[in-house]
Amino acid sequence: MSLADKDRRGGAPPSGAYHPVDSTDRDPEPSLYSSVEGGGDHEVAIPSSEYAKIQEVEEGGSDRPAKAFSLCEIPREKKILLLMMAVCNFCAAANFSILGPFFPGEAARKGTSLTLVGLIFGIFELVSFLASPIFGNYMTKIGTKFLFVSGVLVSGICTILFGVLYYCPGGYRFILLCFLCRTLEALASAAFVTSSYAILADAFPKYIATVVGYLELFTGVGMMVGPAIGGGLYSLSGYSLPFYVLGCVLVAAGIISFFIMPKLDSVHRTLSISVLHLLKSPLVWFVAGCIISGSYSISYLEATLAGHLYKLGIGTVSVSLMFLIPPALYAITSPVWGWVSDSKNYVVSLVTAGALLTSIFFFTLGPSPLFSFLPFSLWLVSLSLVGVGIFLSCLLIPSFTAILVGAERLGMEDNLDTFGIVSGFFNSCYSLGAFMGPISGSALLEVAGFGWGSTLCSGLLLLTGLVLLVFMTVCRMHLTEVKPLLHRQRKFSFRHGRRSADIEMESGFVDREENGAL
């Protein structure tokens, strides 16, 4: 046997074949990549080919874009999971918007003032704002699958009960029961929406923005068709039928989810970190400001746009069609922005661009009294609504991933705990803006008019977008837009001695492509 053969079988490694790596900061668990275990201040010999792979992961996976997301290539169980999430989000959005065409009139016949009707609408977002971070914090302790399934079921039951309120006597009893049903429904919605984002982030770690875009597609469609479904079913059989239909669909979806969803976490872990830790990241604060500004602007339009459009002298049908422009374009472009974010790694940049560009179209929507030379015309208002729908999607779709970037900078781990905290925080920020928009927007509309209200929306978007732009520019060296929790830490969780069975027990999903590579 030659000396070279002896070296290869058990002697010293050939020159250039191994790369010394300092093991002082390594995880004490055995590594799948190391050939010699080290300890203390010793060095570990790692094959150079494997070391190059590790370095590529640490540096963000090179300059190659991520493989494009394809619904045809994902496993069957993930297709079913995504479909169930889409159905539940569609029903939740339709359920939220179904009240608009007929509930104010029915409530007025039972002695409820318009102010109380507005509070019945607004209590949903207020409760979601308060409950979402709590559910996100304790999601894995409660049980992720339990939180999702129970949230869908309770939401469906509350929807059915809201239809039963038609038979309740008017006055304070009707008002109290409306608040009770909406509060319980908001709690249930916060539970299943928060858990759904976390589940999808865990199931599709490389394509979070893309799957969020698909979910928002169904959410946008639900918001769009909800009033039409509600109005149609109401005209067909009265007040209760719309709630019975959507409620039964949600209950059926919850029952099906219980049987087809995998068990997502076998061990209820003790809470080790809270949502307050997330607030230590400046990036999270600035992205949260953009999310709140975006949802504030959307909800402002929902409450005030109709009166503004009637001033153009157009009919009810035309107003209804123009109302569909922002949610339709939001839904259509959501998967596109998600794909751009995931495949090109433009995360914070898209959030910034979305905030700044949306602010321009809110200036022209009024138009703003600051730009008195702009005409108040049908073409300019239509163009502004097109821009609002497209670029609000650009702002909101990558923002979930942007918060994950901030979480990674804080050293938060790649697991369902982190995804739950981020999901709860994201939903809470969105709900806060959606709650404040109609209240402050309607008050400003009465005092100063639609033009100044849209100027306020534009100013908020412009301010938060500029602050995020400055932060991104100053910290560019620290904000290279790799996908942190989506690539690096997930790959590291494999090489730090974690077997595929352990990961499957913890999350319920295993990336077959990565698992096969091991």
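Predicted model only: the values in this text are computed from it and were never measured.

K.L.:
Looking at this structure, I do not really get the nonpolar core. What am I missing?
P.N.:
Burial of nonpolar side chains together is a common tendency in soluble globular proteins. One finds Phe-148, Leu-278 and Ile-403 to be the most contacted residues of the largest nonpolar core, which totals 92 residues. Examining the composition of this core, we find that 13 residues originate from one element, helix H12 (residues 282–310), more than from any other. Leaving out residues up to four positions away in the same chain, Leu-278 has contacts with Val-284, Ile-403, Ala-407, Leu-410, Met-412, Ile-421, Val-422 and Phe-425. Within the second largest apolar cluster, 17 residues are counted, among which are Leu-99, Phe-102, Cys-168 and Cys-178.

K.L.:
What is the right way to look at the pattern of salt bridges in this model?
P.N.:
The full count for this structure, using the stated rule, is two salt bridges. With a shortest N-O distance of 3.0 Å, Arg-109 and Glu-106 are connected by a salt bridge. Residue Arg-109 and its partner Glu-106 are both found in helix H4 (residues 103–109); the two are separated by three residues, about one turn of the helix. For Glu-106, a relative accessible area of 10% puts it in the buried group. Between Glu-408 and Arg-409 there is a salt bridge whose closest N-O contact spans 3.8 Å. For Glu-408, a relative accessible area of 8% translates into the label buried.

K.L.:
Is there a simple way to think about helix H17 (residues 399–409) in this case?
P.N.:
One turn of the α-helix equals 3.6 residues, which is why residues spaced by three or four share an orientation. Of all eleven residues that make up H17, ten are buried, and the element is covered over most of its length. Among the residues of H17, Ser-399, Phe-400, Thr-401, Ala-402, Ile-403, Leu-404, Val-405, Gly-406, Ala-407 and Glu-408 are the ones counted as buried.

K.L.:
Please clarify how the environment of Ala-252 should be interpreted in this entry.
P.N.:
Its place among the elements puts Ala-252 in helix H10 (residues 240–260). The class for Ala-252 is partly exposed, based on a relative accessible area of 36%. Once the C-alpha coordinates of Ala-252 and Gly-156 are considered, the two residues, 96 residues apart in sequence, prove to be 8.6 Å apart.

K.L.:
Would you mind showing me how to read the state of the cysteines here?
P.N.:
Every disulfide links exactly two cysteines, by a covalent bond between their sulfur atoms. This model, assessed by the stated rule, comprises zero disulfides. Left without a disulfide partner, Cys-168 is nearest to the cysteine sulfur of Cys-178, which lies 7.6 Å away. When its relative accessible area of 12% is taken as the criterion, Cys-168 is described as buried.

K.L.:
Got a minute to help me understand the side chain of Ser-240 in this structure?
P.N.:
Inspection of the secondary structure assignment puts Ser-240 in helix H10. Of the residues examined, Ser-240 reaches a relative accessible area of 7% and is grouped as buried. Leaving out residues up to four positions away in the same chain, Ser-240 has contacts with Gly-163, Tyr-166 and Tyr-167.

K.L.:
Just checking my understanding: could you explain a nonpolar patch on the surface for this structure?
P.N.:
Together, Ile-157, Leu-161, Val-164, Tyr-166 and Tyr-167 make up an exposed nonpolar region whose accessible area comes to about 500 Å². As for its placement among the helices and strands, Tyr-166 is situated in the loop between helix H7 (144–164) and helix H8 (172–203).

K.L.:
Hey, could you run me through unusual backbone geometry in this one?
P.N.:
Leave glycine aside and you will find that most residues have negative phi; peptide bonds, for their part, are mostly trans. The step from Gly-366 to Pro-367 runs through a cis peptide bond, and the omega angle for that step is -10°. Within the fold, Pro-367 resides in the loop between helix H15 (348–365) and helix H16 (378–396).

K.L.:
Teacher, can you tell me more about the packing of H12 against H17 here?
P.N.:
How two helices pack is summed up by the angle between their axes together with the distance between the axes. Between H12 and H17, the least distance of the axes is 8 Å, while the angle of their chain directions is 165°. The orientation of H12 relative to H17 falls into the category roughly antiparallel. By crossing handedness, the relation of H12 to H17 is classed as left-handed. Counting all contacts with H12, which are made through Leu-283, Val-284, Val-287 and Ile-291, the residues of H17 involved are Ser-399, Ala-402, Ile-403, Val-405 and Gly-406. Looking at the contact of H12 with H17 residue by residue, the class counts come to seven nonpolar, two polar and no charged.

Conventions and cut-offs
- Residues numbered from 1 in each chain as written.
- Predicted model: local features only at pLDDT ≥ 70, side-chain atom pairs only at ≥ 80, totals over all residues.
- Heavy atoms only, no water.
- Core = buried A, V, L, I, M, F, W, Y, C linked by side-chain atoms within 4.5 Å.
- Buried < 20%, exposed > 50% of the residue type's maximum accessible area, 1.4 Å probe, protein only.
- Helix = DSSP H or I, 4+ residues; strand = E, 2+ residues; numbered from the N terminus.
- Contact = heavy atoms within 4.5 Å.
- Salt bridge = Lys/Arg side-chain N within 4 Å of Asp/Glu carboxyl O.
- Disulfide = S-S within 2.5 Å.
- Patch = residues over 30% accessible without salt bridge, like charges linked within 9 Å, V, L, I, M, F, W, Y side chains within 5 Å.
- Areas by Shrake-Rupley, 256 points an atom, 1.4 Å probe, with all protein chains shown as cover.
- Axes fitted to C-alpha atoms, helices over the stretch in contact; angles between N-to-C directions.
- Parallel < 35°, antiparallel > 145°, perpendicular 65-115°, else oblique.
- Left-handed = near helix turned anticlockwise from the far one by under 90°.
- Nonpolar A, V, L, I, M, F, W, Y, C, P; charged D, E, K, R; others polar.

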